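Observations on the three-dimensional arrangement
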Amino acid sequence: MSRLVVRSFSISLDGFGAGPDQSLQNPLGVKGETLHNWAFGTKTFRTMFGQDGGSTGVDEGFAASGFENIGAWILGRNMFGPVRGAWPDESWKGWWGEEPPYHVPVFVLTNHPRASFDMKGGTTFHFITHGIEEALEAAKAAAGGKDVRLGGGVSVIRQYLQQQLIDDLHLAQSPVLLGKGENLLSGLDLPALGYQCRETVRGENATHLLIGRTG
């Protein structure tokens, strides 16, 4: 049965999942890339960017498992690119070059329609204009029984949490303080929404928080 999961989503010690002022120069917001330092050195991420080597410890185990049994992804508009408002043209095709790291259908939440298109490596981008539930329904249909990975950003994960649609979350807490940006959990009563922390695992460069539904 297909589940909606969050995997390897990095947050700071003060709860921020992205820095402020996202731009073409700072796709994760100012200082947002520091949240992901734990992942950049792993074998999984180095391979993803065409590099050799990489760590093979606890952090690598979590990075690798985040891509297992994933049949589709859901992304917010900001995770796809810095373009705002109506699409001026179809030249922007994501942050990742000609071959994105997904290799499965990806459903992008947006208020502005755009035609689907294919990329190298098996990634197809679809654009969903009628909200998070429509995106989840389409992604589960495309996943063929595998899990759907919710890639973010922060506001999208918060929306799915508020609707109690996420089955489990893996948050990687990096030892950094951002001070400002987009806070993932501020104002959310996770126990009241039916979630609990099931396990905490200390990695080499992050603490891994495994959160799931109660019961």
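Data block above holds the structure.
Described below are features of the structure shown in this document. Keep in mind that this is a model prediction, so the values were computed, not measured. (Residues numbered from 1 in each chain as written. Predicted model: local features only at pLDDT ≥ 70, side-chain atom pairs only at ≥ 80, totals over all residues. Heavy atoms only, no water.)

A word on the environment of Lys-31
Along the chain, the position of Lys-31 falls in the loop between strand S2 (16–18) and helix H1 (37–40). With 149 residues separating them in the primary sequence, Lys-31 and Lys-180 have C-alpha atoms 10.0 Å apart. (Helix = DSSP H or I, 4+ residues; strand = E, 2+ residues; numbered from the N terminus.)

Observations regarding the side chain of Thr-42
One can find Thr-42 in the loop between H1 and helix H2 (43–48). Here Ala-39 takes part through its backbone oxygen, which lies 2.7 Å from a polar atom of the side chain of Thr-42. Filtering out sequence-adjacent residues up to four positions away, Thr-42 remains in contact with Gly-54, Ser-55, Asp-59, Glu-60 and Ala-63. (Polar contact = N/O pair within 3.5 Å; in protein donor to acceptor, adjacent residues only side chain to side chain. Contact = heavy atoms within 4.5 Å.)

Concerning the packing of aromatic side chains
Taken as a whole and judged by the stated rule, the model has 14 aromatic pairs. Measuring from centroid to centroid gives 4.6 Å for Trp-73 and Tyr-102, while their planes differ by 70°, and the two rings are edge-to-face. Of this pair, Trp-73 sits in strand S3 (residues 70–75) while Tyr-102 sits in the loop between helix H4 (77–80) and strand S4 (105–109); the two residues are 29 residues apart in sequence, bridging distant segments of the chain. Members of the aromatic cluster, each reached through a chain of ring pairs, are Phe-67, Trp-73, Phe-80, Trp-87, Trp-96, Tyr-102, Phe-117, Phe-125 and Phe-127. (Phe/Tyr/Trp six-rings, centres within 6.5 Å; stacked < 30°, edge-to-face > 60°.)

A few points about the environment of Phe-125
Among the structural elements, Phe-125 can be located in strand S6 (residues 124–128). Taking relative accessible area as the criterion, Phe-125 reaches 0% and is therefore assigned buried. Distance in space between the C-alpha atoms of Phe-125 and Val-106 is 4.9 Å, their sequence separation being 19 residues. Once residues lying within four places of it in the same chain are set aside, the contact partners of Phe-125 are Phe-80, Lys-93, Trp-96, Pro-100, Tyr-102, Val-106, Val-108, Ser-116, Phe-117 and Met-119. (Buried < 20%, exposed > 50% of the residue type's maximum accessible area, 1.4 Å probe, protein only.)

As for the pattern of salt bridges
A side chain with one charge may pair with a side chain of the opposite charge, provided their charged atoms come close. Here the structure, examined in full by the defined rule, presents 4 salt bridges. Among the salt bridges present, the one from Asp-167 reaches Arg-213, with a minimum N-O distance of 3.3 Å. Here the residue Asp-167 occupies a position in the loop between helix H6 (154–162) and strand S8 (168–173), and Arg-213 occupies one in strand S11 (residues 207–213), the gap between them amounting to 46 residues. In this structure Arg-213 comes out as partly exposed when scored by relative accessible area, which is 27%. (Salt bridge = Lys/Arg side-chain N within 4 Å of Asp/Glu carboxyl O.)

Comments concerning the nonpolar core
Counting residues in each nonpolar core, the largest one holds 32 residues, and the members touching the most others are Ile-74, Leu-150, Ile-157, Tyr-160, Ile-166 and Leu-169. If sequence neighbours within four positions are ignored, Tyr-160 has contacts with Leu-4, Ile-74, Leu-109, Ile-132, Ala-135, Leu-136, Leu-150, Leu-165 and Ile-166. Val-83, Trp-87, Phe-117 and Met-119 belong to the second largest nonpolar core, which has 15 residues in total. (Core = buried A, V, L, I, M, F, W, Y, C linked by side-chain atoms within 4.5 Å.)

Quick word on helix H5 (residues 132–143)
Taking 1.5 Å as the rise per residue, H5 with 12 residues should run 16 Å; its terminal C-alpha atoms sit 16 Å apart, in good agreement. Inspection of H5 places Ile-132, Ala-135, Leu-136, Ala-139 and Ala-143 among the buried residues, and these make up the whole buried set. The arc that holds the buried residues of H5, viewed along the axis, is 95°, so those residues lie on one side. Seen from the buried face of H5, the exposed residues on the opposite side, beyond 90 degrees, are Glu-133, Glu-137 and Ala-141. In this structure, the buried side of H5 is in contact with strand S1 (4–11), S3, S4, S6, strand S7 (147–152) and H6. Downstream of H5 by one or two residues, Gly-144 has phi in the positive range, about 60°. (Expected span 1.5 Å × (residues − 1). Arc of directions from axis to C-beta.)

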